[in-house]
Amino acid sequence: MDPSVNTEKTDIMKEDTKNNVHNNWRRFIVGPIIVFYTFVFQAIFTITSQYAFYILQKQKFANKTMDTSQNNQSVCVQNKSLEIFHEMEEIQKEVATWNVYCNLGTGIPSFVAVILINSYSDRIGRKKAFLIPICGTIINASFCAAVAYFEISIYYIPITLFLEGLSGAWIGMIHTGYAYVADISEAGKSRTLAMATLDICIGVGMVMAQLVVGYLIHWTGFFIPMITIDACLVVSFILVLMLPETVQAAPKEKISPVEYVKNVFEFYVSPELAGKRWKYIICTTVFSCSILAYFGRISVETVYQLSSPFCWNSVQIGWFAALRSLLQFMIGMGLVKLLQKGFSDEMIGFVGALTSAGSSALEALAYNDWMMYLGMYTTEMVSVTCAVSLLNI
């Protein structure tokens, strides 16, 4: 049989699939899916960070006459001359070390899983690529709920985070979200608007999580928020099942997984793309550094805010984080668009990096609430600018 006939038939099938999806209102469900999952991701991060600080204090001060359960808040001591102040510093170090285990537990397997799962999504379909990380997160969230209820050692959590990482976790979910949006939009302004809308969905999910979780912890403790997270994951799972598939079923011939991985990295080694590749590599490096700075910052920020001299509770932490997310995803993106009228993308990125570095330095030196709020601007402008630069290459 002539190979060109098969190619033509496949192209027609793909075009039919694309038209069917474009005429189906259910394609917009991808937005709520990302909102729910982003809510879950941010909520788990917020709850586990505060719970680790709380439970370690409860265990450390079990034989002392201190109430560590009032309003589900941890103890905060501001008098540096007391022995308990130095014991609190030791707990801070232990929580910071635990955070490192958690980040490594989910980060390393996620990197490998995203390469495999998302490269395979062009063959197995976007819906399966959505469902895999959701299932992994359900496992982790359910175990975290059990840890909060039975007060199991927090050092088991990195194990379930590793299992979640094997599913791709939030990295795979967001990556698939962008791939799905690219499938249902046309190149140009339509796709740019669709990508921006997805960014807004991410921001909405983060803001909602930070506000809601702060109050839930304050009112009910740590177990009910984790059950709420499981419920949101079930809703996400159902919504994905309703989502129309954008990838036409591939032929049944077997293709080695190594071939898929090779295709992923081919862009970075192919001599045909040597003229543009260096731009992507630089933007990817800058983006990776900004993400590293962002997650490195929020990993220790919760412990920093719970401790002296701030002694914030879960509600105060929630409002601070929600306001910062609002600035990042709403005002920050609008500011980038405004600055583009007079500055290049490279200059905006440079200014954004300096602003972020100054923000982190101010927060490190802060000794009252207003200084914390003054230094809340983070590295998001760099990330957004890199995305804009990539679109313009």
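An unreviewed UniProt entry annotates the protein chain as SLC46A3 of Mytilus edulis. Turning to the protein chain, the UniProt annotation filed under Subcellular location (unreviewed entry) states: "Membrane".

*Asks:* Report on the pattern of salt bridges, specifying residues and quantitative values.
*Replies:* Under the definition given, this model contains four salt bridges. Of the charged contacts, one joins Glu-151 and Lys-58 as a salt bridge, the two residues approaching to 2.9 Å between their closest N and O atoms. Here Lys-58 lies in helix H2 (residues 30-60) and Glu-151 lies in the loop between helix H4 (126-150) and helix H5 (157-166), a separation of 93 residues in the sequence. Exposure remark for Glu-151: the relative accessible area of 36% places this residue in the partly exposed category.

*Asks:* Residue-level account of the side chain of Gln-50, with values.
*Replies:* When you line up the elements, Gln-50 lands in helix H2. A residue is classified by how much of its surface remains accessible, and Gln-50, at 4% relative accessible area, is buried. Other than its neighbours up to four places away in sequence, Gln-50 contacts Ile-217, Phe-222, Thr-302, Leu-306, Ser-314 and Ile-317.

*Asks:* Describe the packing of helix H3 (residues 83-124) against H4, and please don't skip the residues or the numbers.
*Replies:* Packing of H3 against H4 leaves a shortest axis separation of 7 Å and a crossing angle of 140°. In terms of axis orientation, H3 runs oblique to H4. On H4, the residues that touch Ile-117, Ser-121, Asp-122 and Ile-124 of H3 are Arg-126, Lys-128, Ala-129 and Ile-132. Of the residues assigned to the contact of H3 with H4, the class counts are four nonpolar, one polar and three charged.

*Asks:* Which residues make up helix H10 (residues 274-306), and what values do they have?
*Replies:* Given a rise of 1.5 Å per residue, 33 residues ought to cover 48 Å, and the 49 Å separating the end C-alpha atoms of H10 matches this to within 8%. Residue Val-300 marks the point of greatest curvature in H10, where the axis turns by about 30°.

*Asks:* Can you break down the packing of H3 against helix H6 (residues 169-184) residue by residue, with the values?
*Replies:* Contact geometry for H3 and H6: axes closest at 7 Å, N-to-C directions at 30°. As judged from the angle between their axes, H3 and H6 are roughly parallel. In terms of crossing hand, the pair formed by H3 and H6 is right-handed. Along its contact with H3, which presents Thr-106, Ser-110, Val-114 and Asn-118, the element H6 presents Ala-169, Ile-171, Gly-172, His-175 and Thr-176. Across the contact of H3 with H6, the residue classes tally to three nonpolar, six polar and no charged.

*Asks:* So what about unusual backbone geometry? Which residues, and what values?
*Replies:* Note that the residue after Ser-308, namely Pro-309, is joined by a cis bond; omega there is 10°. Take Pro-309: it is sitting in the loop between H10 and helix H11 (314-339). The phi torsion at Cys-311 lies on the positive side, around 55°, for a residue other than glycine. The exposure class assigned to Cys-311 is partly exposed, which follows from its relative accessible area of 24%.

*Asks:* Account for the nonpolar core, with residues named and values stated.
*Replies:* Residues Ile-34, Tyr-51, Phe-130, Ile-154, Met-226 and Ile-229 are the most contacted members of the largest nonpolar core, which totals 74 residues. Ranked by the residues each element gives to this core, the list is headed by H2, at 17 residues. Excluding residues within four positions of it along the chain, Tyr-51 makes contact with Val-147, Ala-148, Glu-151, Ile-154 and Phe-222.

*Asks:* Any details on the state of the cysteines? Residues and values, ideally.
*Replies:* Evaluated as defined, the whole model comprises one disulfide. Between the sulfur atoms of Cys-76 and its disulfide mate Cys-311 the distance is 1.8 Å. Taking the sign of the S-S torsion, -60° for the link of Cys-76 and Cys-311, the bridge is left-handed. Residue Cys-76 is found in the loop between H2 and H3, and its partner Cys-311 is found in the loop between H10 and H11; the two are separated by 235 residues along the sequence. Residue Cys-76 is classed as partly exposed on the basis of its relative accessible area, which comes to 27%.

*Asks:* Got a sec to walk through the environment of Ile-174? Specific residues and values, please.
*Replies:* Considering the arrangement of structural elements, one finds Ile-174 in helix H6. On the basis of relative accessibility, which here comes to 16%, the residue Ile-174 falls in the buried class. Linking Ile-174 and Ile-34, residues 140 residues apart in sequence, is a C-alpha distance of 7.4 Å. When neighbours within four sequence positions are excluded, Ile-174 is seen to be in contact with Ile-34, Thr-38 and Ile-202.

Reading guide: rules and limits
- Residues numbered from 1 in each chain as written.
- Predicted model: local features only at pLDDT ≥ 70, side-chain atom pairs only at ≥ 80, totals over all residues.
- Heavy atoms only, no water.
- UniProt positions renumbered as here; feature names shortened; annotations may be inferred.
- Salt bridge = Lys/Arg side-chain N within 4 Å of Asp/Glu carboxyl O.
- Helix = DSSP H or I, 4+ residues; strand = E, 2+ residues; numbered from the N terminus.
- Buried < 20%, exposed > 50% of the residue type's maximum accessible area, 1.4 Å probe, protein only.
- Contact = heavy atoms within 4.5 Å.
- Axes fitted to C-alpha atoms, helices over the stretch in contact; angles between N-to-C directions.
- Parallel < 35°, antiparallel > 145°, perpendicular 65-115°, else oblique.
- Nonpolar A, V, L, I, M, F, W, Y, C, P; charged D, E, K, R; others polar.
- Expected span 1.5 Å × (residues − 1).
- Bend = angle between axes of the 7 residues up to and from the residue.
- Left-handed = near helix turned anticlockwise from the far one by under 90°.
- Core = buried A, V, L, I, M, F, W, Y, C linked by side-chain atoms within 4.5 Å.
- Disulfide = S-S within 2.5 Å.

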